Amino acid sequence: MEKLLVTVDAIEGEKAALLLRCPEEERPLAVVPLAMLPEGVCAGDILSLSFHAEPELTEEAQARVLALHEKLLRR
């Protein structure tokens, strides 16, 4: 599996701007709380991201959307 890499573009206060590293360029990805990143991270550092399925959170979100959809249909 190929790694998804990001560059820490800048750190301002308690937030860090991340760039997605693509084969030919870097693209803005997100601004995240610095506390979510490894301790001691600096601008210019390259980090790898990993993803994990969250089935319980998915089910909860789907239930909320379904309930809202049903509520809107009853109007």
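Up top you'll find the structure we're talking about.
Just so you know, the residues in each chain are numbered from 1, in the order the chain's sequence is written. The predicted origin of the model limits local features to residues at a pLDDT of at least 70 and limits the giving and counting of side-chain atom pairs to 80 or more, whereas totals for whole chains, interfaces and linings rest on all residues. Note that the side-chain values use all heavy atoms of the structure and ignore hydrogens as well as water.

Asks: Which residues make up the side chain of Thr 7, and what are the values?
Replies: Secondary structure elements follow DSSP: runs of H or I of four or more residues count as helices, runs of E of two or more count as strands, with numbering from the N terminus. The residue Thr 7 is located in strand β1 (residues 4-12) in this model. Given a relative accessible area of 9%, Thr 7 falls into the buried group. A polar contact is formed between the side chain of Thr 7 and the side chain of Arg 21, at a distance of 3.0 Å. The buried label goes to any residue with under 20% of its type's maximum accessible area, the exposed label to any with over 50%, and the partly exposed label to all in between, with areas taken from a 1.4 Å probe on protein chains only. Polar contacts, as used here, are pairs of N or O atoms within 3.5 Å; protein pairs need one atom able to donate a hydrogen and one able to accept it. Residues neighboring in sequence count only if both atoms are side-chain atoms.

Asks: Explain the sheet that holds strand β2 (residues 15-21) residue by residue, including any values.
Replies: In this scheme, strands are said to pair when DSSP sees at least two bridges between them. Taken in spatial order, the four strands make up an open sheet running β3-β2-β1-β4, and their pairing is antiparallel. Only two strands of the sheet have a single partner each, and these edge strands are β3 (26-33) and β4 (46-49). With strand direction ignored, the average angle separating the axes of adjacent strands in the sheet is 35°. In this structure, β2 lies alongside β3, joined through seven bridges in antiparallel fashion. Residue pairing across strands places Ala 16 opposite Val 32, the latter belonging to β3. Axes, fitted as lines to C-alpha atoms, cover a helix only where it is in contact. Angles between the N-to-C directions of the axes lie from 0 to 180 degrees.

Asks: Could you give an account of the nonpolar core, naming the residues involved and the relevant values?
Replies: Nine residue types can take part in a nonpolar core, namely buried Ala, Val, Leu, Ile, Met, Phe, Trp, Tyr and Cys, and a core is a set of them joined through side-chain atoms within 4.5 Å. By size, the foremost hydrophobic cluster in this structure holds eight residues: Val 6, Val 8, Ala 16, Leu 18, Val 32, Leu 37, Val 41 and Leu 47. For this analysis, residues touch if any pair of their heavy atoms sits within 4.5 Å. Ignoring sequence-local partners within four residues, the contact set of Val 6 consists of Leu 18, Leu 19, Leu 20, Arg 21, Leu 29, Asp 45, Ile 46, Leu 47 and Leu 49.

Asks: Can you break down the pattern of salt bridges residue by residue, with the values?
Replies: Take a side-chain nitrogen of Lys or Arg and a carboxyl oxygen of Asp or Glu: if they are within 4 Å of each other, that pair is a salt bridge. Tallied over the full model, the rule gives two salt bridges. Across the salt bridge formed by Glu 25 and Arg 27, the nearest N and O atoms sit 2.9 Å from each other.

Asks: So what's going on with the environment of Cys 42? Which residues, and what values?
Replies: Relative to the assigned elements, Cys 42 resides in the loop between β3 and β4. Accessibility expressed as a relative area gives 42% for Cys 42, which makes it partly exposed. In the structure, Cys 42 is positioned 26 residues away from Ala 16 in sequence and 9.1 Å away in space, judged by C-alpha atoms. In this view, Cys 42 contacts Val 8 and Ile 11; residues no more than four positions away in its chain are not counted.

Asks: Please give an account of the pairing of β1 that cites residues and values.
Replies: Note that β1 and β4 share four bridges and pair antiparallel. If you follow Leu 4 over to β4, its bridge partner there is Leu 49. Linkage of β1 to β2, two consecutive antiparallel strands, is achieved through a turn of two residues, within which Gly 13 is found at a positive phi near 60°.

Asks: Which residues make up a nonpolar patch on the surface, and what values go with them?
Replies: The residues that make up patches have over 30% relative accessible area and no salt bridge, and they are joined within 9 Å when like-charged or within 5 Å when they are Val, Leu, Ile, Met, Phe, Trp or Tyr. For every accessible area listed, the method is Shrake-Rupley and the probe measures 1.4 Å; residues are considered covered only by the protein chains on display. A surface patch of nonpolar side chains, about 310 Å² in accessible area, is lined by Leu 29, Leu 49 and Phe 51. On the basis of relative accessibility, which here comes to 66%, the residue Phe 51 falls in the exposed class.

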